[in-house]
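# Per-entry structural report
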Amino acid sequence: MAEYSLSKRKKLATKRAMTFLESIYLPAIVGGMWITIKHLFKRPTTIQYPEQKREMAPVYRGQHVLKRDEAGAERCTACGLCALACPAEAITMVAAERKKEEKALYREEKYAATYEINMLRCIFCGLCEEACPKEAIFLTDRIVDAEYARKDFIYGKDILVEPINERVDIGVRQTKDVKEFKTHADQKHNILGK
Ligand code: SF4
Ligand code: SF4
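Quick caveat, the model's predicted, so the values are computed rather than measured.

In terms of helices and strands, the protein chain carries six helices and five strands. Computed over C-alpha atoms, the radius of gyration of the protein chain comes to 27 Å, more than 25% over the 16 Å expected from 2.2 N^0.38 for 194 residues, which places it beyond the range of a compact globule. Counting only C-alpha atoms, the protein chain reaches 90 × 50 × 40 Å along its principal axes. Every one of the 194 residues in the protein chain was classed for burial, and the buried ones make up 16%. Restricting the contact set of the protein chain to residue pairs at least 6 apart, pairs at least 24 apart contribute 74%.

The structure is reproduced here in structure tokens:
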């Protein structure tokens with residue numbers, strides 16, 4: 001039966017005796033060394049992270065932040081929409097009811113007593129950010145740190161909620177269109193602050 005090859009790259013393997021040159025392996029070794037030597041003079045594709053950092057795309061999605069409002073209260077109302085939207089099931093939370101004396105701490109009557117994201121599950125798709133009706137969760141341009149233990153990749157509120165005196169700027173990875181959209185009058189509850 002005739003052998004057909006559409007790509008014409010098909011090679012028929014045959015068992016044949018090696019030539020003298022092939023049997024001493026020298027040409028193959030020299031060929032391999034030549035490839036190695038060529039790479040010594042090429043610009044390296046790796047960088048010395050963390051001393052050196054690559055420039056990220058303006059819309060790069062990295063570590064999440066749970067935002068506070070202008071007065072410093074946590075914006076998240078533990079509605080669970082982000083967890084529902086998450087395709088990786090990386091988000092879990094426990095809701096609690098705000099006490100009278102906690103008004104300054106939490107923006108809404110219901111808040112997240114526990115809020116966790118498993119960074120090993122997260123695929124940084126940004127759907128949690130899209131789903132949030134309270135402008136509470138955002139992905140930032142920060143890189144998730146390397147850890148040695150799996151448990152250390154489960155980020156709780158201690159890592160996710162932005163420090164009150166050290167706000168995380170989420171504006172850096174928002175496009176002009178999004179920024180413009182947030183200025184609409186009917187988006188008032190979504191004023192981002194810094
Ligand atoms: S970025 Fe995507 S995968 Fe990660 S927590 Fe949000 S919704 Fe889930
Ligand atoms: S981060 Fe937003 S979507 Fe998720 S529970 Fe809090 S308010 Fe709801």
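Now that the structure has been shown, we can carry on.
Let us look at the site of ligand 1. Around ligand 1 sit 15 residues in total, of which Cys-86, Cys-122, Cys-125, Leu-127 and Cys-128 are the nearest. Looking at the shell around ligand 1, its residues break down into 14 nonpolar, one polar and no charged.

Across its 15 residues, helix H2 (residues 26-40) extends 21 Å between first and last C-alpha, which sits within 8% of the 21 Å expected from 1.5 Å per residue. Within H2, only zero of the 15 residues are buried, which leaves it mostly out in the open.

Inspection of the secondary structure assignment puts Arg-107 in the loop between strand E2 (91-97) and strand E3 (110-118). The exposure class of Arg-107 is buried, given the 21 C-beta atoms found within 10 Å. For the pair Arg-107 and Phe-153, spaced 46 residues apart in sequence, the C-alpha separation works out to 27 Å. When near neighbours in sequence (up to four residues on either side) are disregarded, Arg-107 contacts Asp-69, Ala-73, Glu-74 and Arg-75.

On to unusual backbone geometry, then. With omega at 10°, the peptide bond leading from Tyr-49 into Pro-50 counts as cis. Tracing the backbone through its elements, the reader meets Pro-50 in the loop between H2 and strand E1 (64-66). In the Ramachandran plot, Glu-89 falls in the positive-phi region, its phi being about 50° despite a non-glycine side chain. Along the chain, Glu-89 turns up in the loop between helix H3 (81-85) and E2.

A separate point is the nonpolar core. Counting 23 residues, the largest nonpolar core has Leu-66, Cys-76, Cys-82, Ile-91, Cys-128 and Ile-137 as the members making the most contacts within it. Counting residues per element, the ones that place at least two in this core are E1, E3 and strand E4 (137-139). Top element by residues in this core is E3. It accounts for four residues.

About the cut-offs
Residues numbered from 1 in each chain as written. Chains lettered and ligands numbered in written order. Predicted model: local features only at pLDDT ≥ 70, side-chain atom pairs only at ≥ 80, totals over all residues. Helix = DSSP H or I, 4+ residues; strand = E, 2+ residues; numbered from the N terminus. Rg over C-alpha atoms; globule rule 2.2 N^0.38 Å. Buried ≥ 20, exposed ≤ 12 C-beta atoms within 10 Å, placed from the backbone. Contact = placed C-beta atoms within 7 Å. Near = placed C-beta within 6 Å. Nonpolar A, V, L, I, M, F, W, Y, C, P; charged D, E, K, R; others polar. Expected span 1.5 Å × (residues − 1). Core = buried A, V, L, I, M, F, W, Y, C linked by C-beta atoms within 7 Å.

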